[in-house]
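The residues making up each chain are set out below.
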Amino acid sequence: MDPGILLIDLLNGLSRGMLYFLMASGLNLVFSVLGIINFAHGSLIMLGAYFTWTLLQVIGGDWSFIVIIILSGGIVGVIGILIEIFFVRRIYESEHLYQLLLTFALIMIIDGLVLEIWGGQPRSMLLPRYFLGAVSIAGRPFPKYSLFILFGSIAIAILVWLFLYRTKFGKASRAAAADVEITSALGINVPYVYCGMFAIGVALAGFSGGLGLAMSSITPGMGAHIAVTCFAVIVIGGLGSLTGTLIAALILGIFEAFGDHYFPQVAMALPFIIMALILLARPQGLLGRNE
Amino acid sequence: MLEIKDIHSYYGSSYILQGVSLKIKRSEVVSLVGRNGAGKTTTLKSIMGIVRPAQGSVKFKGAEICGLKPYQIARLGLGYVPEDRRIYPNLTLKENLEVAQIKLGSSKTKWNFEKVYQFFPQLKALGEGRLGSNMSGGEQQMLTIARTLMGNPEFILLDEPSEGLAPLVVSALADAVNEIKVEGVSILLSEQNMKFATKTTTKSYVIDGGKISFEGTIEDLMKNEELVKEHITL
């Protein structure tokens, strides 16, 4: 085998894996702090992509691209705050079934709104000129934009880590994830932490949608498909473990990249084959806690 | 400083506190003794706002706090040390302490890392990066008290600190409680262990079936053999 091709496949896998991490990390953060499984996470990723598409049409310009992606994440984050205040906040104490009902309803509402606002035809984004084409790595072409996704995702992953482990809000949210009652009795306004954490998780979704779907065309309803991948990632990694999510996302990305190249017939099923095999060996996921 | 008048609290549908009244003055250390299930923990949780009393009044520094949320009560200067050493297992020792400081912002406070470590040198010896899950029971109990102190409370609700700890550790804890008292912090201590209660407190309440059945000095309580036999394990 040609080592150059292997390297390109590996880079492809890392780029894809880091994007999966970005997409799934918000879902896992919201679950581990709030205990809410947000089935609408994929739809919010899609929403981020649509905002990016529109802002690119309105603002345009090559150099505003990164600002537009960040802005899209921010807008989705603000929507997240509203969703938390008006809906999610009401079901923390309720049975899990209500989470399913609520967040499934959100999928239908978001999908319906997207169809209403952006229409049913696929939309594709205009990448800025400096992201078109490829760079040469080990004598082989590698898409510039994939490289941007790789480094962009790594940068965001570092920011998320710094946020959780170096800021007061991050520490308070990890404390609240472990013990709500005590955290509250230590003087921390837990509902405020919950709202902020939900917004951050959702903003990560919006951001990853803008960043990751810029290369493909976007269609209403694609959120459900993305959500399935996100769930595969956090289940493989172990619910509640962000490191697990990172490892699982990279495994999935790399296997997919090699799968696309060497076994294209089974590439679609690959995430689920990996998930089944890992869960057979470790039902709680790679780094999940055994309960 | 803390005055509880006729509080009634439910846990789900069971009627736990059936009219509890307590009064603790500034710089006083008072014990609330009683058997398991007598209502000690529920009393402390009702003061802290974790359990919301159905009826009654809780006044702290003259202001009514009954009905406030736990975080609001904590910010008024009431500290809560839970039973069962509920430290954060996923946080490091230092982070456990930091969480209690978050509400204070950057203002200078009486209690800081240096002072807390001086109080509990065992904690400093463990190293700040030690995970909460990786500590012994006694160390975890010290950390829960240290954590509450970091919040700079004027009054501490201390729930069964000696439970399940070795005698030597219990004795070290009693020393720590006495030192906290010297710092001018008032304490309401829930205890079953009379040795610990007599070492640390002068005034005592006995709770039984959700009602206060005795109020007086700890010497008077110990003299009352019948009461001691009935409600307390020595």
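Here's what I pulled together on the structure shown here. (Residues numbered from 1 in each chain as written. Chains lettered and ligands numbered in written order. Predicted model: local features only at pLDDT ≥ 70, side-chain atom pairs only at ≥ 80, totals over all residues. Heavy atoms only, no water.)

Considerations on the environment of Asp 6 of chain B
All names here are of chain B.
Inference 1: By the element assignment, Asp 6 lies in strand E1 (residues 2–11).
Inference 2: Using a relative accessible area of 35% as the deciding quantity, one classes Asp 6 as partly exposed.
Inference 3: Between the C-alpha atoms of Asp 6 and Ser 57, which are 51 residues apart in sequence, the distance is 6.8 Å.
Inference 4: If we ignore the near neighbours within four places in the chain, the residues touching Asp 6 are Gly 19, Val 20, Ser 21, Gln 55 and Gly 56.
Inference 5: At a separation of 3.2 Å, a polar atom in the side chain of Asp 6 contacts the side chain of His 8. (Helix = DSSP H or I, 4+ residues; strand = E, 2+ residues; numbered from the N terminus. Buried < 20%, exposed > 50% of the residue type's maximum accessible area, 1.4 Å probe, protein only. Contact = heavy atoms within 4.5 Å. Polar contact = N/O pair within 3.5 Å; in protein donor to acceptor, adjacent residues only side chain to side chain.)

A look at the sheet that holds strand E6 (residues 78–81) of chain B
Residues and elements named next belong to chain B.
Inference 1: Spatial strand order, E6-E7-E8-E3-E9-E10: 6 strands in an open sheet with mixed pairing. The two strands at the open ends of the sheet, each matched to only one other strand, are E6 and strand E10 (211–217). With direction set aside, neighbouring strand axes in the sheet form an average angle of 15°.
Inference 2: Inspection of the sheet shows strand E3 (residues 29–33) paired to strand E8 (residues 186–191) by 5 bridges, in the parallel sense. The partner of Ser 31 across the bridge, within E8, is Leu 189.
Inference 3: Contacting E3, E6, strand E7 (155–159), E8 and strand E9 (203–208), helix H1 (residues 40–48) crosses the sheet at an angle of about 150° to E7. (Pairing = 2+ DSSP bridges. Axes fitted to C-alpha atoms, helices over the stretch in contact; angles between N-to-C directions.)

Description of the pattern of salt bridges
Inference 1: Counted under the stated rule, the structure contains 16 salt bridges over all chains.
Inference 2: Across the pair Arg 174 of chain A and Glu 95 of chain B runs a salt bridge, and its minimum N-O distance is 2.9 Å. Of this pair, Arg 174 of chain A sits in helix H6 (residues 168–178) while Glu 95 of chain B sits in helix H3 (residues 93–101), placing the two residues on different chains.
Inference 3: For Glu 95 of chain B, a relative accessible area of 8% corresponds to the buried category. (Salt bridge = Lys/Arg side-chain N within 4 Å of Asp/Glu carboxyl O.)

Concerning the interface of chain B and chain A
Inference 1: Tallying the contact residues gives 23 residues for chain B and 17 residues for chain A.
Inference 2: Between chain B and chain A, the buried area comes to about 1,900 Å², and carbon and sulfur atoms account for 59% of it.
Inference 3: Where chain B touches chain A, the interface holds 5 salt bridges.
Inference 4: The residue Glu 181 of chain A makes a salt bridge to Lys 45 of chain B at a minimum N-O spacing of 3.4 Å.
Inference 5: Across the chain B-chain A interface, the total number found is 10 residue pairs in polar contact (both at pLDDT 80 or more). (Buried area = accessible area lost by both parts, 1.4 Å probe.)

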